[in-house]
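Single-letter residue listing:
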Amino acid sequence: MKMEEETITTPTPDIDSVDNTPFTFSPPSIDKSRLLSGESYAHFTPAPPDYPTQNASDSNSDYLVLGVDEAGRGPVLGPMVYSAFYLPSKLHHSLLAKEYSFDDSKVLTAGVRANLMRILCTEGSSLHKSCGWATKLLSARDISSGMMRPAGGAAGVYNLNAQAMDATVELIRGIVEARKMNVREVYIDTIGNPATYQKKLEMIFPSLRITVAKKADSLFPCVSAASVVAKVTRDVALKVCYDALKAVDEESGHVVGDDWGSGYPSDSKCVGWLRGNMDPVFGWGNECRFSWGTAK
């Protein structure tokens, strides 16, 4: 079904109306069964058949740019989501920045983000025809499992930076190597020191021109778009987890509040929900990062 409003120039008053609430649209990056089971997983959209592949053209104008960003690094509840977003270099600024006004997801309202994601997933829209994307959802269970490994064990501690690096590499490989997309430029929002992070990625992908920068989501439109995809996926995933838990609570007659907030430790709703829903033996379920100080 074609969207009524295919382009966004500035946030409009009705974008957050009841029909456009952030959670009325569930993107294909949401796999409810895997999400609720605590499984980490990746999702790759099919690329349009006329995309330039690695062997298709040597033209400098006929290549793709790719941006990577994440959402949900700091919360104690829910997954961390990494996203890669790619499109032809000649459309990088004209389509994303000018026609659709993509920006760092934190400066866009939830309704604007959801509407952009909806348009991106709508067949026939210019975004759907021109852009490809992928997500890696790292579950709260798996994040904590890695971070709580014994330091002296064979595997050792798998910290958040290492998990983030692996997610980034998996997405780039899945697009460039597995799907043979003709990506030549990659822009990434940094983890820690940009130069160190960039050098590591350049060693893994020597044929790509990689730029790692602070605030990349506000500097490069493809990273802005990746941040929107990651944020919408994270927000909907959090809502799916909450709704499933609420349904169980209502069946048992145990209901604590109508909301668990953003999932961040600084959110009083989140802390209140954790306190009110802590099992004395098992703590919480797959929705909680047990390695976080808030949970401890």
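From a predicted model like this one, the values you see are computed outputs, not experimental measurements.

Asker: Honestly, the packing of aromatic side chains in this entry has me stumped. Any pointers?
Answerer: Aromatic rings in a pair are described by how distant their centres are and how their planes are angled relative to each other. Under the defined criterion, the tally for this structure stands at five aromatic pairs. Ring plane angle 55° and centroid distance 6.2 Å describe the contact between Phe85 and Phe102, whose orientation is recorded as tilted. Pair noted here: Phe85 is in strand β3 (residues 80–88) and Phe102 is in the loop between α2 (92–99) and α3 (110–120), with a separation of 17 residues, a long-range link. For the residue pair Phe85 and Phe102, the accessibility class agrees, reading buried in each case. Both rings, one in Tyr187 and one in Phe220, keep their centres 4.4 Å apart while their planes meet at 25°; by these two values the pair is stacked. With Tyr187 in strand β5 (residues 183–189) and Phe220 in the loop between α8 (216–219) and α9 (221–252), this pair connects stretches of sequence that are 33 residues apart. Each member of the pair Tyr187 and Phe220 is classed as buried. The rings of Tyr242, Trp260 and Trp273 are connected pair by pair, giving a single aromatic cluster.

Asker: What am I meant to see in the confidence of the model for the protein chain here?
Answerer: When pLDDT is low, close inspection of the predicted coordinates is not appropriate. On average, the protein chain scores 86 in pLDDT, and the residues at 70 or more come to 84%. At the low end of the mean pLDDT range in the protein chain sits α9, at 89; at the high end sits strand β1 (residues 41–44), at 98. Considering only residues more than four positions removed or in separate chains, one finds that residues 1–21, a stretch of pLDDT under 50, has 42 contacts.

Asker: Sorry, what's going on with the pairing of strand β2 (residues 64–71) here?
Answerer: Consecutive residues of a regular strand have side chains that alternate between opposite faces of the sheet. Counted residue by residue, β2 has seven buried out of eight residues, so it is predominantly covered. Note that β2 and β3 share eight bridges and pair antiparallel. Note that in β3 the partner of Val68 across the bridge is Ala84. The pairing of β2 with β5 spans five bridges and is parallel. Looking at β5, one finds that Leu66 is bridged to Val186.

Asker: Even after reading the chapter, I still don't get unusual backbone geometry, so can you show me in this structure?
Answerer: Only a minority of non-glycine residues have a phi that is not negative, and only a minority of peptide bonds are not trans. Residues other than glycine seldom take positive phi values, yet Lys180 does so here, at roughly 55°. Tracing the backbone shows Lys180 in the loop between α6 (160–178) and β5. Overall, the relative accessible area of 44% leaves Lys180 in the partly exposed class. The backbone of Lys215 sits at a positive phi, close to 60°, despite the residue not being glycine. Tracing the sequence through the fold places Lys215 in the loop between β6 (209–213) and α8. By relative accessible area, Lys215 is classed as exposed at 59%.

Asker: Explain the environment of Asn286 here, please?
Answerer: Within the secondary structure layout, Asn286 lies in the segment after α10 (268–276). When the C-alpha positions of Asn286 and Gly78 are compared, they lie 8.2 Å apart, and in sequence the two are 208 residues distant. The contact partners of Asn286, leaving out residues within four places of it in the chain, are Leu36, Ser37, Gly38, Ala140 and Arg141. At 3.1 Å, the side chain of Asn286 and the backbone oxygen of Ser37 are in polar contact.

Asker: Help me understand helix α7 (residues 194–204), please; the structure alone is not making it clear to me.
Answerer: Residues spaced three or four apart along an α-helix point in a common direction, a consequence of the helix completing one turn every 3.6 residues. Among the residues of α7, those classed as buried are Pro194, Tyr197, Gln198 and Leu201. The buried residues of α7 occupy an angular sector of 95° when the element is viewed end-on, so they sit on one face. Exposed and facing more than 90 degrees away from the buried side of α7 are Ala195, Lys199 and Met203. With a side-chain oxygen positioned 3.0 Å from the backbone nitrogen of Ala195, the residue opening α7 is Asn193.

Asker: Hey, could you run me through the sheet that holds β6 in this one?
Answerer: By way of backbone hydrogen bonds, the strands of a sheet pair with one another, either parallel or antiparallel. Pairing is mixed in the open sheet, where six strands are placed in the order β1-β4-β3-β2-β5-β6. Each edge of the open sheet is held by one strand with a lone partner, namely β1 and β6. Across this sheet, the average inter-strand angle for adjacent strands is 15°, counted without regard to direction. With five bridges connecting them, β5 and β6 associate as parallel partners. Opposite Ile188, over in β6, you have Val212 as the bridge partner.

Asker: Help me understand the state of the cysteines in this model?
Answerer: Should the sulfur atoms of two cysteines be covalently bonded, the bond is a disulfide. Here the structure, examined in full by the defined rule, presents zero disulfides. Residue Cys270 stays outside any disulfide, its sulfur separated by 8.1 Å from that of Cys288, the closest cysteine.

Quick notes on the rules
- Residues numbered from 1 in each chain as written.
- Predicted model: local features only at pLDDT ≥ 70, side-chain atom pairs only at ≥ 80, totals over all residues.
- Heavy atoms only, no water.
- Phe/Tyr/Trp six-rings, centres within 6.5 Å; stacked < 30°, edge-to-face > 60°.
- Helix = DSSP H or I, 4+ residues; strand = E, 2+ residues; numbered from the N terminus.
- Buried < 20%, exposed > 50% of the residue type's maximum accessible area, 1.4 Å probe, protein only.
- pLDDT = per-residue confidence, 0-100.
- Contact = heavy atoms within 4.5 Å.
- Pairing = 2+ DSSP bridges.
- Polar contact = N/O pair within 3.5 Å; in protein donor to acceptor, adjacent residues only side chain to side chain.
- Arc of directions from axis to C-beta.
- Axes fitted to C-alpha atoms, helices over the stretch in contact; angles between N-to-C directions.
- Disulfide = S-S within 2.5 Å.

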